[in-house]
Amino acid sequence: MMVRVRLPTHLHQYSGGLADVQVDCAAPATLVEVLAALDARWPGVRHRLIDEQDGIRRHIRIFVGSAAVPDIAAPVGEGEDVMIVAALSGG
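Residues numbered from 1 in each chain as written. Predicted model: local features only at pLDDT ≥ 70, side-chain atom pairs only at ≥ 80, totals over all residues. Heavy atoms only, no water.

1. Remarks on the environment of His 12
Note that His 12 resides in the loop between β1 (2-6) and β2 (20-24). A C-alpha to C-alpha distance of 16 Å links His 12 and Ala 87, two positions 75 residues apart in sequence. Not counting residues up to four positions away in its chain, the partners in contact with His 12 are Leu 7, Gly 17, Leu 18 and Ala 19. Polar side-chain contacts of His 12 include one of 3.4 Å to the backbone oxygen of Pro 8. (Helix = DSSP H or I, 4+ residues; strand = E, 2+ residues; numbered from the N terminus. Contact = heavy atoms within 4.5 Å. Polar contact = N/O pair within 3.5 Å; in protein donor to acceptor, adjacent residues only side chain to side chain.)

2. Describing the pairing of β1
Burial along β1 is one-sided: the face carrying Val 3 and Val 5 is buried and the face carrying Met 2, Arg 4 and Arg 6 is not. Bridging between β1 and strand β7 (residues 82-86) involves two bridges; their strand directions are parallel. Bridge pairing in β7 links Val 5 to Val 82. (Buried < 20%, exposed > 50% of the residue type's maximum accessible area, 1.4 Å probe, protein only. Pairing = 2+ DSSP bridges.)

3. With respect to unusual backbone geometry
Look at the link from Ala 27 to Pro 28: it is a cis peptide, with omega at -10 degrees. Position of Pro 28 among the secondary structure elements: in the loop between β2 and β3 (29-30). In the Ramachandran plot, Asp 54 falls in the positive-phi region, its phi being about 65 degrees despite a non-glycine side chain. Within the secondary structure, Asp 54 is located in the loop between α2 (45-49) and β4 (60-64).

What follows is the structure, given as C-alpha cells:
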C-alpha cells in the first residue's frame, strides 16, 4: 500500500526538498514499516525522528490520520496519511 508522509521543513534536505512523499509498505502496516520504507528511500530520516531506544524523539510528534500516536507500533491503515511535526522553540 502507498502511504503519504508529510515531512517538517527541517527534513526536506533528506527528501530532495519534498514536503510530501509517498512510500510503499505491505498492508497492514505499522509506523515501524512506514519509517523503514522512508529511511530506505531517504537514508538518515529515521534517525532524526526515532531515538536509540526506538522511541519517538521528544521534540517530534507523529500523527496517523488525525490522531497523535504514542509509539512506532501504531497501525497505519489503507488511505491514512502520516504527518510528522517538529516542535518549535524560541523566546
